[in-house]
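# A structural walkthrough
Residues per chain, in single letters:
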Amino acid sequence: MGLIVASVFLILAVVVALGAIKIVPQGREYTVEQFGRYTRTLKPGISFLTPFVEGIGRKINMMEQVLDVPRQDVITKDNVSVQVDAIVFIQVMDAAAAAYRVTNLDFAITQLTMTNLRTVVGNMELDEVLSQRDQINTRLLDVIDQATSPWGVKVARIEIKDLQPPPDITNAMARQMKAERERRAVITEADGEKQAAITVAEGQKQSAILQAEGRKEAAFRDAEARERSAAAEAKATELVSNAIAAGDVNAINYFVAQKYVEAFGKLAESPSQKMVIVPAEMSALVGSIGGIGELVKAINADPQPPRPAQPRSRGGSAVPSTGV
(Lines give C-alpha, C1' and ligand atoms only; values in the text may rest on other atoms or scores of the structure.)
Protein backbone atom coordinates (compact mmCIF):
# COMPACT_ATOMS: atom_id res chain seq x y z
CA MET A 1 0.00 0.00 0.00
CA GLY A 2 2.76 2.41 0.84
CA LEU A 3 4.48 1.53 -2.39
CA ILE A 4 1.41 2.47 -4.38
CA VAL A 5 1.09 5.82 -2.62
CA ALA A 6 4.75 6.53 -3.24
CA SER A 7 4.37 5.71 -6.89
CA VAL A 8 1.40 8.04 -7.17
CA PHE A 9 3.26 10.85 -5.52
CA LEU A 10 6.24 10.24 -7.81
CA ILE A 11 4.05 10.39 -10.91
CA LEU A 12 2.41 13.58 -9.66
CA ALA A 13 5.82 15.10 -9.00
CA VAL A 14 6.97 14.27 -12.52
CA VAL A 15 3.80 15.73 -14.01
CA VAL A 16 4.11 18.88 -11.94
CA ALA A 17 7.78 19.23 -12.84
CA LEU A 18 7.05 18.82 -16.51
CA GLY A 19 4.26 21.37 -16.28
CA ALA A 20 6.41 23.85 -14.42
CA ILE A 21 9.37 23.67 -16.79
CA LYS A 22 8.82 25.31 -20.20
CA ILE A 23 11.32 25.50 -23.07
CA VAL A 24 10.62 28.28 -25.61
CA PRO A 25 12.22 27.76 -29.09
CA GLN A 26 14.10 30.54 -30.88
CA GLY A 27 11.85 32.88 -32.84
CA ARG A 28 8.89 32.30 -30.53
CA GLU A 29 7.51 33.93 -27.40
CA TYR A 30 4.91 32.53 -25.01
CA THR A 31 2.54 34.54 -22.88
CA VAL A 32 1.95 33.42 -19.30
CA GLU A 33 -1.52 33.63 -17.75
CA GLN A 34 -2.31 33.37 -14.06
CA PHE A 35 -5.90 32.27 -13.56
CA GLY A 36 -6.67 33.60 -17.06
CA ARG A 37 -4.92 36.96 -16.66
CA TYR A 38 -1.77 37.87 -18.59
CA THR A 39 1.22 38.26 -16.28
CA ARG A 40 4.41 37.99 -18.33
CA THR A 41 6.05 36.82 -21.56
CA LEU A 42 8.51 33.97 -21.82
CA LYS A 43 11.56 34.56 -24.02
CA PRO A 44 13.38 31.83 -25.98
CA GLY A 45 15.06 29.36 -23.62
CA ILE A 46 14.05 27.49 -20.44
CA SER A 47 11.56 29.00 -17.96
CA PHE A 48 9.74 27.87 -14.83
CA LEU A 49 6.06 28.30 -14.03
CA THR A 50 4.16 27.98 -10.79
CA PRO A 51 2.31 24.67 -10.94
CA PHE A 52 -1.49 24.84 -10.94
CA VAL A 53 -1.31 28.66 -10.88
CA GLU A 54 0.38 29.79 -14.11
CA GLY A 55 -0.09 28.44 -17.57
CA ILE A 56 0.83 29.19 -21.19
CA GLY A 57 -1.61 31.56 -22.84
CA ARG A 58 -0.58 32.27 -26.51
CA LYS A 59 2.36 31.12 -28.57
CA ILE A 60 3.46 34.03 -30.80
CA ASN A 61 5.70 33.78 -33.86
CA MET A 62 8.24 36.61 -33.61
CA MET A 63 9.83 36.02 -37.02
CA GLU A 64 9.00 38.09 -40.12
CA GLN A 65 5.96 36.75 -41.90
CA VAL A 66 4.47 37.19 -45.35
CA LEU A 67 0.74 37.70 -45.80
CA ASP A 68 -0.90 37.28 -49.18
CA VAL A 69 -3.54 39.91 -50.00
CA PRO A 70 -6.22 38.36 -52.27
CA ARG A 71 -6.92 39.76 -55.73
CA GLN A 72 -9.70 42.34 -55.88
CA ASP A 73 -11.30 44.71 -58.40
CA VAL A 74 -10.52 48.39 -57.83
CA ILE A 75 -12.06 51.37 -59.65
CA THR A 76 -9.52 54.06 -60.53
CA LYS A 77 -10.12 57.79 -60.58
CA ASP A 78 -10.89 57.73 -64.32
CA ASN A 79 -13.46 54.91 -63.86
CA VAL A 80 -11.33 51.99 -65.06
CA SER A 81 -11.64 48.68 -63.26
CA VAL A 82 -8.32 46.98 -62.53
CA GLN A 83 -7.52 43.80 -60.63
CA VAL A 84 -4.92 44.27 -57.90
CA ASP A 85 -3.24 41.94 -55.43
CA ALA A 86 -0.35 42.47 -53.01
CA ILE A 87 1.85 40.93 -50.33
CA VAL A 88 2.58 42.31 -46.85
CA PHE A 89 5.72 41.66 -44.79
CA ILE A 90 5.06 41.93 -41.03
CA GLN A 91 6.92 41.18 -37.81
CA VAL A 92 5.50 41.00 -34.28
CA MET A 93 7.40 43.27 -31.94
CA ASP A 94 5.17 42.95 -28.82
CA ALA A 95 3.84 39.44 -28.18
CA ALA A 96 1.32 40.52 -25.54
CA ALA A 97 -0.23 43.22 -27.74
CA ALA A 98 -0.41 40.87 -30.74
CA ALA A 99 -2.04 38.20 -28.57
CA TYR A 100 -4.61 40.21 -26.62
CA ARG A 101 -5.41 43.37 -28.65
CA VAL A 102 -6.70 41.75 -31.84
CA THR A 103 -8.57 38.49 -32.28
CA ASN A 104 -7.08 37.31 -35.56
CA LEU A 105 -3.92 39.23 -36.39
CA ASP A 106 -3.35 37.89 -39.92
CA PHE A 107 -6.97 38.33 -41.00
CA ALA A 108 -7.09 41.86 -39.56
CA ILE A 109 -3.95 42.98 -41.40
CA THR A 110 -5.17 41.42 -44.66
CA GLN A 111 -8.53 43.18 -44.52
CA LEU A 112 -6.90 46.46 -43.53
CA THR A 113 -4.54 46.23 -46.50
CA MET A 114 -7.35 45.47 -48.96
CA THR A 115 -9.40 48.43 -47.75
CA ASN A 116 -6.54 50.92 -47.97
CA LEU A 117 -5.48 49.51 -51.33
CA ARG A 118 -8.88 50.40 -52.76
CA THR A 119 -8.61 53.86 -51.24
CA VAL A 120 -5.14 54.62 -52.59
CA VAL A 121 -5.72 53.22 -56.09
CA GLY A 122 -9.15 54.85 -56.31
CA ASN A 123 -7.54 58.29 -55.94
CA MET A 124 -5.23 57.75 -58.92
CA GLU A 125 -5.77 57.53 -62.67
CA LEU A 126 -4.93 54.39 -64.62
CA ASP A 127 -1.69 55.73 -66.08
CA GLU A 128 -0.52 56.76 -62.61
CA VAL A 129 -1.45 53.36 -61.16
CA LEU A 130 0.54 51.55 -63.83
CA SER A 131 3.59 53.79 -63.68
CA GLN A 132 3.77 54.70 -59.97
CA ARG A 133 3.77 51.41 -58.09
CA ASP A 134 6.48 52.65 -55.75
CA GLN A 135 4.29 55.55 -54.71
CA ILE A 136 1.37 53.19 -54.05
CA ASN A 137 3.59 50.91 -51.96
CA THR A 138 4.91 53.84 -49.92
CA ARG A 139 1.44 55.25 -49.17
CA LEU A 140 0.10 51.85 -48.20
CA LEU A 141 3.07 51.18 -45.95
CA ASP A 142 2.60 54.43 -44.04
CA VAL A 143 -1.11 53.84 -43.48
CA ILE A 144 -0.89 50.14 -42.54
CA ASP A 145 2.11 50.61 -40.27
CA GLN A 146 0.35 53.31 -38.28
CA ALA A 147 -2.84 51.23 -38.03
CA THR A 148 -1.06 48.07 -36.83
CA SER A 149 1.26 49.80 -34.38
CA PRO A 150 -1.19 49.34 -31.40
CA TRP A 151 -1.23 45.62 -32.16
CA GLY A 152 2.50 45.36 -31.55
CA VAL A 153 3.22 44.66 -35.23
CA LYS A 154 5.80 46.28 -37.48
CA VAL A 155 4.92 46.35 -41.21
CA ALA A 156 8.26 46.08 -43.01
CA ARG A 157 7.07 46.62 -46.58
CA ILE A 158 4.12 46.21 -48.94
CA GLU A 159 4.52 45.21 -52.58
CA ILE A 160 1.94 45.28 -55.39
CA LYS A 161 2.25 41.91 -57.11
CA ASP A 162 0.09 42.39 -60.17
CA LEU A 163 -2.09 44.97 -61.90
CA GLN A 164 -4.40 43.78 -64.66
CA PRO A 165 -6.48 46.32 -66.60
CA PRO A 166 -9.43 45.10 -68.73
CA PRO A 167 -8.57 43.47 -72.10
CA ASP A 168 -9.93 46.39 -74.16
CA ILE A 169 -7.84 48.86 -72.16
CA THR A 170 -4.79 46.63 -72.63
CA ASN A 171 -5.32 46.55 -76.42
CA ALA A 172 -5.76 50.31 -76.52
CA MET A 173 -2.58 50.77 -74.52
CA ALA A 174 -0.72 48.46 -76.91
CA ARG A 175 -1.90 50.48 -79.92
CA GLN A 176 -0.95 53.71 -78.17
CA MET A 177 2.50 52.38 -77.37
CA LYS A 178 2.98 51.26 -80.98
CA ALA A 179 1.90 54.66 -82.30
CA GLU A 180 4.22 56.41 -79.87
CA ARG A 181 7.17 54.27 -80.90
CA GLU A 182 6.43 54.89 -84.58
CA ARG A 183 6.26 58.62 -83.88
CA ARG A 184 9.63 58.48 -82.14
CA ALA A 185 11.08 56.50 -85.04
CA VAL A 186 9.84 59.11 -87.54
CA ILE A 187 11.26 61.93 -85.42
CA THR A 188 14.58 60.14 -85.08
CA GLU A 189 14.74 59.52 -88.84
CA ALA A 190 13.88 63.15 -89.56
CA ASP A 191 16.58 64.33 -87.15
CA GLY A 192 19.06 62.04 -88.90
CA GLU A 193 18.15 63.42 -92.32
CA LYS A 194 18.38 66.95 -90.94
CA GLN A 195 21.85 66.32 -89.53
CA ALA A 196 22.91 64.70 -92.81
CA ALA A 197 21.65 67.68 -94.82
CA ILE A 198 23.44 70.08 -92.48
CA THR A 199 26.64 68.06 -92.82
CA VAL A 200 26.38 68.01 -96.64
CA ALA A 201 25.70 71.77 -96.70
CA GLU A 202 28.69 72.41 -94.45
CA GLY A 203 30.83 70.26 -96.74
CA GLN A 204 29.65 72.13 -99.82
CA LYS A 205 30.29 75.42 -98.07
CA GLN A 206 33.82 74.42 -97.14
CA SER A 207 34.38 73.11 -100.67
CA ALA A 208 33.17 76.39 -102.19
CA ILE A 209 35.39 78.37 -99.84
CA LEU A 210 38.40 76.25 -100.70
CA GLN A 211 37.66 76.51 -104.43
CA ALA A 212 37.32 80.30 -104.15
CA GLU A 213 40.58 80.49 -102.25
CA GLY A 214 42.18 78.27 -104.92
CA ARG A 215 40.89 80.53 -107.72
CA LYS A 216 42.09 83.57 -105.80
CA GLU A 217 45.55 82.06 -105.37
CA ALA A 218 45.63 80.96 -109.01
CA ALA A 219 44.60 84.44 -110.19
CA PHE A 220 47.26 85.95 -107.97
CA ARG A 221 49.85 83.56 -109.40
CA ASP A 222 48.69 84.26 -112.99
CA ALA A 223 48.87 88.00 -112.40
CA GLU A 224 52.32 87.63 -110.88
CA ALA A 225 53.42 85.50 -113.84
CA ARG A 226 52.04 88.03 -116.35
CA GLU A 227 53.72 90.79 -114.42
CA ARG A 228 57.04 89.00 -114.54
CA SER A 229 56.53 88.12 -118.23
CA ALA A 230 55.74 91.75 -119.04
CA ALA A 231 58.79 92.87 -117.10
CA ALA A 232 60.94 90.36 -118.96
CA GLU A 233 59.48 91.44 -122.29
CA ALA A 234 60.02 95.09 -121.42
CA LYS A 235 63.57 94.28 -120.45
CA ALA A 236 64.09 92.38 -123.70
CA THR A 237 62.58 95.25 -125.69
CA GLU A 238 64.82 97.68 -123.88
CA LEU A 239 67.90 95.58 -124.66
CA VAL A 240 66.87 95.25 -128.31
CA SER A 241 66.25 98.99 -128.54
CA ASN A 242 69.65 99.70 -127.03
CA ALA A 243 71.24 97.22 -129.42
CA ILE A 244 69.55 98.84 -132.42
CA ALA A 245 70.56 102.26 -131.23
CA ALA A 246 74.11 100.96 -130.98
CA GLY A 247 73.96 99.70 -134.60
CA ASP A 248 73.58 95.93 -133.89
CA VAL A 249 71.53 94.64 -136.87
CA ASN A 250 71.35 91.09 -135.47
CA ALA A 251 69.09 92.36 -132.73
CA ILE A 252 66.65 93.60 -135.36
CA ASN A 253 66.79 90.29 -137.18
CA TYR A 254 66.14 88.33 -133.97
CA PHE A 255 63.26 90.53 -132.91
CA VAL A 256 61.52 90.40 -136.33
CA ALA A 257 62.04 86.62 -136.65
CA GLN A 258 60.61 85.99 -133.18
CA LYS A 259 57.44 87.96 -133.92
CA TYR A 260 57.09 86.18 -137.26
CA VAL A 261 57.34 82.75 -135.67
CA GLU A 262 54.80 83.65 -132.97
CA ALA A 263 52.32 84.94 -135.54
CA PHE A 264 52.76 81.84 -137.69
CA GLY A 265 52.24 79.58 -134.63
CA LYS A 266 48.98 81.32 -133.72
CA LEU A 267 47.82 80.99 -137.31
CA ALA A 268 48.48 77.24 -137.23
CA GLU A 269 46.69 76.77 -133.88
CA SER A 270 43.48 78.49 -134.97
CA PRO A 271 40.52 76.03 -134.61
CA SER A 272 38.71 77.56 -137.60
CA GLN A 273 41.68 77.24 -139.90
CA LYS A 274 41.35 74.18 -142.13
CA MET A 275 44.35 74.86 -144.35
CA VAL A 276 47.67 76.54 -143.60
CA ILE A 277 49.89 77.92 -146.39
CA VAL A 278 53.58 77.59 -145.58
CA PRO A 279 56.04 79.77 -147.56
CA ALA A 280 58.11 77.76 -150.02
CA GLU A 281 61.41 79.21 -148.90
CA MET A 282 61.71 80.30 -145.32
CA SER A 283 65.26 81.41 -146.10
CA ALA A 284 63.86 84.26 -148.24
CA LEU A 285 62.64 85.95 -145.11
CA VAL A 286 66.00 85.51 -143.43
CA GLY A 287 67.76 86.80 -146.57
CA SER A 288 65.48 89.81 -146.71
CA ILE A 289 66.19 90.51 -143.08
CA GLY A 290 69.90 90.12 -143.75
CA GLY A 291 69.70 92.48 -146.74
CA ILE A 292 67.89 95.04 -144.69
CA GLY A 293 70.55 94.73 -142.05
CA GLU A 294 73.37 95.25 -144.55
CA LEU A 295 71.53 98.22 -146.03
CA VAL A 296 71.14 99.80 -142.63
CA LYS A 297 74.83 99.21 -141.92
CA ALA A 298 75.86 100.81 -145.25
CA ILE A 299 73.69 103.83 -144.68
CA ASN A 300 75.12 104.30 -141.21
CA ALA A 301 78.67 103.93 -142.50
CA ASP A 302 78.58 106.27 -145.58
CA PRO A 303 75.42 108.25 -146.07
CA GLN A 304 74.97 109.65 -149.69
CA PRO A 305 72.51 112.19 -150.98
CA PRO A 306 69.70 110.62 -152.93
CA ARG A 307 69.76 110.97 -156.76
CA PRO A 308 66.93 112.72 -158.60
CA ALA A 309 64.27 110.41 -159.87
CA GLN A 310 64.39 109.55 -163.61
CA PRO A 311 61.34 110.15 -165.73
CA ARG A 312 59.13 107.15 -166.30
CA SER A 313 59.12 105.63 -169.73
CA ARG A 314 56.02 104.42 -171.35
CA GLY A 315 55.19 100.81 -170.82
CA GLY A 316 57.29 100.40 -167.67
CA SER A 317 58.53 101.98 -164.49
CA ALA A 318 61.99 103.19 -163.75
CA VAL A 319 63.78 101.84 -160.66
CA PRO A 320 66.15 104.22 -158.93
CA SER A 321 69.72 103.12 -158.96
CA THR A 322 71.30 102.15 -155.67
CA GLY A 323 74.82 101.98 -157.00
CA VAL A 324 75.01 98.29 -156.17
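Please read these numbers as outputs of a predicted model, since none were measured by experiment.

## Things to note about the overall build of the protein chain
Along the backbone of the protein chain there are eight helices and eight strands. Taking the intrachain contacts of the protein chain between residues at least 6 apart in sequence as the baseline, contacts between residues at least 24 apart amount to 60%. With an accessible surface of roughly 23,300 Å², the protein chain has 58% of that area assigned to carbon and sulfur atoms.

## Looking at the sheet that holds strand β8 (residues 153-164)
Here we have three strands laid out as an open sheet, ordered β6-β7-β8, and antiparallel in their pairing. Each having just a single partner strand, β6 (65-75) and β8 make up the two edges of the open sheet. The sheet shows a mean angle of 20° between the axes of neighbouring strands, taken without regard to direction. Contacts from helix α3 (residues 105-122) reach β6, β7 (81-92) and β8, with the element oriented near 35° to β6.

## As for the side chain of Thr-110
Inspection of the secondary structure assignment puts Thr-110 in helix α3. Dropping the residues within four chain positions of it, Thr-110 is found in contact with Leu-67, Asp-68, Val-69 and Pro-70.

## Focus on the pairing of β6
When β6 meets β7, the two strands line up antiparallel, connected through nine bridges. Paired with Gln-65 across the two strands is Ile-90, which belongs to β7. Count of turn residues in the β6/β7 antiparallel hairpin: five residues, of which Asn-79 carries a positive phi of about 60°.

## Some details on the layout of surface pockets
Estimates place the volume of the second largest pocket at around 220 Å³. Lining the second largest pocket are 13 residues; nearest its centre among them are Lys-59, Ile-60, Ala-98, Leu-105 and Asp-106. Among the secondary structure elements, those contributing two or more residues to the lining of the second largest pocket are β5 (54-61), α2 (95-100) and α3. It is β5 that provides the largest number of residues to the lining of the second largest pocket, a total of four residues.

## Let's talk about the packing of aromatic side chains
Per the counting criterion, the structure on display carries one aromatic pair. A centroid spacing of 5.5 Å and a plane angle of 50° characterise the contact between Tyr-38 and Tyr-100, whose relative ring orientation is tilted. Of this pair, Tyr-38 sits in strand β3 (residues 37-42) while Tyr-100 sits in helix α2, and the two are 62 residues apart along the sequence. According to the relative accessible area criterion, Tyr-100 is partly exposed, its value standing at 35%. Sitting over the ring of Phe-89, Arg-157 keeps its end group 4.1 Å from the ring centre.

## Description of a negative patch on the surface
Taken together, Asp-78, Glu-125, Asp-127 and Glu-128 make up a surface patch of like negative charges. If you trace the backbone, Asp-127 turns up in helix α4 (residues 126-131). The exposure class of Asp-127 is exposed, given its relative accessible area of 56%.

## Digging into the nonpolar core
With 35 residues, the main nonpolar core has Val-88, Leu-105, Ile-109, Ile-136 and Ile-160 as its most contacted residues. Within the residue set of this core, elements represented by two or more residues are β6, β7, α2, α3, α4, α5 (133-148) and β8. Broken down by element, this core gets its largest block of residues, seven residues, from α3. Look past the residues within four positions of Ile-136 in its chain and what remains in contact with it is Leu-117, Val-120, Val-121, Met-124, Val-129 and Ile-160.

## Details of a nonpolar patch on the surface
A contiguous nonpolar surface patch, about 470 Å² in accessible area, is contributed by Ile-4, Val-5, Val-8, Phe-9 and Leu-12. Here Val-8 shows up in helix α1 (residues 2-20).

## Details of α5
Between its first and last C-alpha atoms α5 spans 22 Å; for 16 residues at 1.5 Å apiece the expected length is 22 Å, and the two agree. For α5, every residue scored as buried is listed here: Ile-136, Asn-137, Leu-140, Ile-144, Asp-145 and Thr-148. The arc that holds every buried residue of α5, seen down its axis, measures 145°, which confines them to one face.

## Side note on the confidence of the model for the protein chain
Averaged over the protein chain, the pLDDT score is 79; the fraction of residues at 70 or greater is 75%. In the model of the protein chain, helix α8 (residues 282-301) stands out as the element of lowest mean pLDDT, 52, in contrast to β7, which has the highest, 94. Taken together, the stretch residues 302-324 has pLDDT below 50 and engages in three contacts with residues farther than four places along the chain or on a different chain.

Quick notes on the rules
- Residues numbered from 1 in each chain as written.
- Predicted model: local features only at pLDDT ≥ 70, side-chain atom pairs only at ≥ 80, totals over all residues.
- Heavy atoms only, no water.
- Helix = DSSP H or I, 4+ residues; strand = E, 2+ residues; numbered from the N terminus.
- Contact = heavy atoms within 4.5 Å.
- Areas by Shrake-Rupley, 256 points an atom, 1.4 Å probe, with all protein chains shown as cover.
- Pairing = 2+ DSSP bridges.
- Axes fitted to C-alpha atoms, helices over the stretch in contact; angles between N-to-C directions.
- 1 Å grid on protein atoms, 1.4 Å probe; cavity = no way out; pocket = protein on both sides within 12 Å on 5 of 7 lines; lining within 4 Å.
- Points joined across faces, edges and corners; volume = space filled by probe spheres on them.
- Phe/Tyr/Trp six-rings, centres within 6.5 Å; stacked < 30°, edge-to-face > 60°.
- Buried < 20%, exposed > 50% of the residue type's maximum accessible area, 1.4 Å probe, protein only.
- Lys NZ or Arg CZ within 6 Å of the ring centre and 35° of its normal.
- Patch = residues over 30% accessible without salt bridge, like charges linked within 9 Å, V, L, I, M, F, W, Y side chains within 5 Å.
- Salt bridge = Lys/Arg side-chain N within 4 Å of Asp/Glu carboxyl O.
- Lys, Arg positive; Asp, Glu negative; His and termini not counted.
- Charge placed at Lys NZ, Arg CZ, Asp CG, Glu CD.
- Core = buried A, V, L, I, M, F, W, Y, C linked by side-chain atoms within 4.5 Å.
- Expected span 1.5 Å × (residues − 1).
- Arc of directions from axis to C-beta.
- pLDDT = per-residue confidence, 0-100.

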